[in-house]
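Structural description and commentary
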Amino acid sequence: MTTVHLNNPDLVEDLIELLRDAHCIVRRTGPRAFEIRSGWPVRDDASQYELDGYLRVFEAMHPGSQATRMP
């Protein structure tokens, strides 16, 4: 399980939808945060790289947004 924080609360639902479309299990935990478990059939390390890719694509699609994985 990984927590993600997004700087713009108005975009959280858009990012959650993108990740759910990618077969991730996502649960919103706050106005700017959610927990995610990948649905990808890969090792944990690889799934973190996959998640990072989705976050960077989302940021590119929404200039000014910043999505951060929390420890």
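In this report, the structure presented in the accompanying data block is examined. (Residues numbered from 1 in each chain as written. Predicted model: local features only at pLDDT ≥ 70, side-chain atom pairs only at ≥ 80, totals over all residues. Heavy atoms only, no water.)

The subject of this paragraph is helix α1 (residues 12-21). Taken as a whole, α1 has its buried residues at Val-12, Leu-15, Ile-16 and Leu-19. On an axial view of α1, the arc spanned by its buried residues comes to 100°, and they lie on one face. Immediately beyond the C-terminal end of α1, within one or two residues, lies His-23, with a positive phi of roughly 70°. (Buried < 20%, exposed > 50% of the residue type's maximum accessible area, 1.4 Å probe, protein only. Helix = DSSP H or I, 4+ residues; strand = E, 2+ residues; numbered from the N terminus. Arc of directions from axis to C-beta.)

A positive phi angle, near 70°, is found at His-23, a position not held by glycine. Note that His-23 resides in the loop between α1 and β2 (25-28). Residue classification places His-23 among the exposed residues on the basis of a relative accessible area of 62%.

Attention now moves to the nonpolar core. In this structure, Val-4, Leu-6, Leu-15, Leu-19, Val-26, Phe-34 and Ile-36 are the most contacted members of the largest nonpolar core, which totals 15 residues. For this core, the leading source of residues is α1, giving four residues. Ignoring sequence-local partners within four residues, the contact set of Ile-36 consists of Met-1, Thr-2, Val-4, Leu-19, Cys-24, Ile-25, Val-26 and Leu-51. (Core = buried A, V, L, I, M, F, W, Y, C linked by side-chain atoms within 4.5 Å. Contact = heavy atoms within 4.5 Å.)

What is shown is where atoms sit, not what they do.
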